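Residue-level listing of the chains:
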Number of protein chains: 2
Amino acid sequence: MSATKQRIFDVAVDLISQKGFNGVPVREIAGNVGIKVSSLYNHFQSKEDILTKIFDYYEAEIEKTMRSKEYLEKRIDRLSAQEFWEKGLLNFQAVTLKPLMQKISKIILLEMFRDERARDIALDVFFSRQQKIVETIFMLMQKKGLIKDNLDPRFLAMEYTYALLAMQFEYDILTNWNLATDKVRKKMFDHIKFISEYTKSAKGGENK
Amino acid sequence: MSATKQRIFDVAVDLISQKGFNGVPVREIAGNVGIKVSSLYNHFQSKEDILTKIFDYYEAEIEKTMRSKEYLEKRIDRLSAQEFWEKGLLNFQAVTLKPLMQKISKIILLEMFRDERARDIALDVFFSRQQKIVETIFMLMQKKGLIKDNLDPRFLAMEYTYALLAMQFEYDILTNWNLATDKVRKKMFDHIKFISEYTKSAKGGENK
DNA sequence: GTCTATAGAATGATAGAC
DNA sequence: GTCTATCATTCTATAGAC
């Protein structure tokens, strides 16, 4: 991707995440890049094409992260439960809080009621995918004896991810408007601590 | 509100909830109502004015519901914990799942990153308000001895509401695209059951 | 790859007749 | 309150010179 194309991409992500796809004229994108509209069309086939490339990028980045998460799954043997969840949250935020990815997440939220591609990504990345991975992690932890035997990994994954997702959602609104996020960030850690302690087996507890 | 004005309002809510404010031309609203654009402007000062009236309506409806929720708080004495949470969910859904209210919720989601009013409603209704009410309910239950003494009502309210909110969010996406919602609805009830059983004191447990 | 110039359609909104 | 007719902008996109 050429330097100019990259700048168009970045500017488009920035503006569309603030005003929505229909709220940003190509004029405004080109203007903020410092080129004319006709030059922009030399890099992208259409306005819609820019959005497609944004979604492509997001999916590719998520795919990369998921691979590293699976790698993390295999490293679970070397970590205590507490350590693992802390690393897990940091890993989670390392992706979702990257400025560019956070902006695209917002775009997906804005477009998912009218754009099928945005809908598919939202359902996959925000809900399904994350939950399955956490479920796998709980299963592995259970095999290791780190968490109680009588708990259902799938249910735990649900409790773990849904609340975090809503908090992440609140976090996105607050950062969008430059409002304080310390309260919601504290809630995220409180939630993780709660799940961690709720699931911890007697054996796992000794590690703390 | 005249019959025509009401129809404009309903059609506008319907279309804007699907395509976003910037995605719906006034022509399309007028066309679906069966009048000309110029006639539409006889009922609303501007396109923006329609959005304002939509937000006004939403806030007024929420205000009404909240009053009935406070009434519900005072009725807690007559119900068991289990009964109370079941009624609470039904009450919650009775508002949020009303077609018109559900559509406006979607509009708020779509506009909250660019419209201050939508942002304020989102932060208030989706996050702050609901949580405070649930916190009060947990406090009252604790006083009655229905839930364990050592639990923090504020934290419980957080655990209760955030997960439900994300599930409601998923529910909105699914219904928007006519996809099956039975799985996520089951999750809602599972979550409530979990919180209900997690918090239940020995005394409260006997009621079941 | 960038520009100027412009096409051609769609936009929000108004004037004024009925 | 509704209509026809119209305005002034704004929109996405293209042609063709440099």
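Residues numbered from 1 in each chain as written. Chains lettered and ligands numbered in written order. Predicted model: local features only at pLDDT ≥ 70, side-chain atom pairs only at ≥ 80, totals over all residues. Heavy atoms only, no water.

## Remarks on the relation of the copies chain B and chain A
- Superposition of chain B onto chain A requires a rotation of 180° combined with a translation of 0.0 Å along the rotation axis, giving an RMSD of 0.1 Å. One copy is carried onto the other by what is essentially a two-fold rotation axis. Considering only C-alpha atoms, the residue of chain B closest to the rotation axis is Ala-163 of chain B, which sits at 2.0 Å.
- The residues that chain B uses at the interface reappear at the interface of chain A in 100% of cases, marking a shared surface. (Least-squares fit on C-alpha atoms with pLDDT ≥ 70 in both. Contact = heavy atoms within 4.5 Å.)

## Details of the packing of helix 6 (residues 99-111) of chain A against helix 7 (residues 116-144) of chain A
Residue and element names in this part refer to chain A.
- The geometry of helix 6 relative to helix 7 is characterised by a closest axis approach of 8 Å and an angle of 120° between their N-to-C directions. Regarding the angle of helix 6 to helix 7, the classification is oblique. Between helix 6 and helix 7 the crossing geometry is left-handed. Judged by residue contacts, Ser-105, Ile-108, Leu-109 and Glu-111 of helix 6 engage Ala-118, Ile-121, Ala-122 and Phe-126 from helix 7.
- Its residues assigned to classes, the contact of helix 6 with helix 7 comprises six nonpolar, one polar and one charged. (Axes fitted to C-alpha atoms, helices over the stretch in contact; angles between N-to-C directions. Helix = DSSP H or I, 4+ residues; strand = E, 2+ residues; numbered from the N terminus. Parallel < 35°, antiparallel > 145°, perpendicular 65-115°, else oblique. Left-handed = near helix turned anticlockwise from the far one by under 90°. Nonpolar A, V, L, I, M, F, W, Y, C, P; charged D, E, K, R; others polar.)

## Digging into the pattern of salt bridges
- Tallied over the full model, the rule gives 28 salt bridges over all chains.
- The shortest N-O distance in the salt bridge between Lys-64 of chain A and Glu-61 of chain A comes to 2.9 Å. Of the two residues, Lys-64 of chain A and Glu-61 of chain A are both situated in helix 4 (residues 47-74); the distance of three residues between them amounts to about one turn of the helix.
- Given a relative accessible area of 48%, Lys-64 of chain A falls into the partly exposed group.
- Residue Lys-53 of chain B pairs with Asp-49 of chain B through a salt bridge whose shortest N-O separation is 2.9 Å. Residue Lys-53 of chain B and its partner Asp-49 of chain B are located together in helix 4 (residues 47-74), separated by four residues, close to a single helical turn.
- Residue Lys-53 of chain B is classed as partly exposed on the basis of its relative accessible area, which comes to 30%.
- For Asp-49 of chain B, a relative accessible area of 12% puts it in the buried group.
- Ionic contacts of the salt-bridge type, sharing partners, join the residues Asp-56, Glu-59 and Arg-117 of chain A into one network. (Salt bridge = Lys/Arg side-chain N within 4 Å of Asp/Glu carboxyl O. Buried < 20%, exposed > 50% of the residue type's maximum accessible area, 1.4 Å probe, protein only.)

## Observations concerning the interface of chain B and chain A
- At the junction of the two partners, chain B supplies 39 residues and chain A supplies 39 residues.
- Both sides together, the interface formed by chain B and chain A hides about 3700 Å², and carbon and sulfur atoms give 76% of it.
- Of all residues in chain B, Phe-113, Tyr-162 and Trp-177 of chain B bury the most surface against chain A, accounting for 22% of the area lost on that side.
- In this structure, the connection of chain B to chain A is made through zero salt bridges.
- Inspection of the region where chain B meets chain A yields eleven residue pairs in polar contact (both at pLDDT 80 or more). (Buried area = accessible area lost by both parts, 1.4 Å probe. Polar contact = N/O pair within 3.5 Å; in protein donor to acceptor, adjacent residues only side chain to side chain.)

## A few points about unusual backbone geometry
- The phi dihedral of Asn-178 of chain A falls on the positive side, at around 55°, and the residue is not glycine.
- The exposure class assigned to Asn-178 of chain A is exposed, which follows from its relative accessible area of 72%.

## Let's talk about the side chain of Asp-115 of chain B
Residues and elements named next belong to chain B.
- Relative to the helices and strands, Asp-115 is located in the loop between helix 6 (99-111) and helix 7 (116-144).
- Buried and unpaired, Asp-115 has no salt bridge, with Arg-114 as the nearest side chain of opposite charge at 4.8 Å.
- In this structure the side chain of Asp-115 is engaged in a polar contact, spanning 3.0 Å, whose partner is the backbone nitrogen of Ala-118. (Lys, Arg positive; Asp, Glu negative; His and termini not counted.)

## What about the protein's contact with DNA strand C?
- Around DNA strand C sit 16 residues, and of these Ser-38, Asn-42 and His-43 of chain A together with Pro-25 and Tyr-41 of chain B come closest.
- One of the backbone nitrogen or oxygen atoms of Lys-36 of chain A is found 2.8 Å away from a phosphate oxygen of DNA strand C.
- Among the secondary structure elements, those contributing two or more residues to the surface near DNA strand C are helix 3 (37-40) of chain A together with helix 2 (26-33) and helix 3 (37-40) of chain B.
- When grouped by side-chain class, the residues that make up the surface near DNA strand C number six nonpolar, seven polar and three charged. (Near = heavy atom within 4 Å.)

## Here's the deal with the protein's contact with DNA strand D
- The full set close to DNA strand D counts 16 residues, and Pro-25, Arg-27 and Tyr-41 of chain A together with Asn-42 and His-43 of chain B are the nearest of them.
- Looking at DNA strand D alone, sugar and phosphate atoms form 48% of those within 4 Å of the protein.
- Interatomic distance of 2.8 Å between a side-chain N/O atom of Ser-38 of chain B and a base oxygen of DNA strand D.
- His-43 of chain B places a polar side-chain atom, nitrogen or oxygen, 2.6 Å from a phosphate oxygen of DNA strand D.
- Those elements that place two or more of their residues in the surface near DNA strand D are helix 2 (26-33) and helix 3 of chain A together with helix 3 of chain B.

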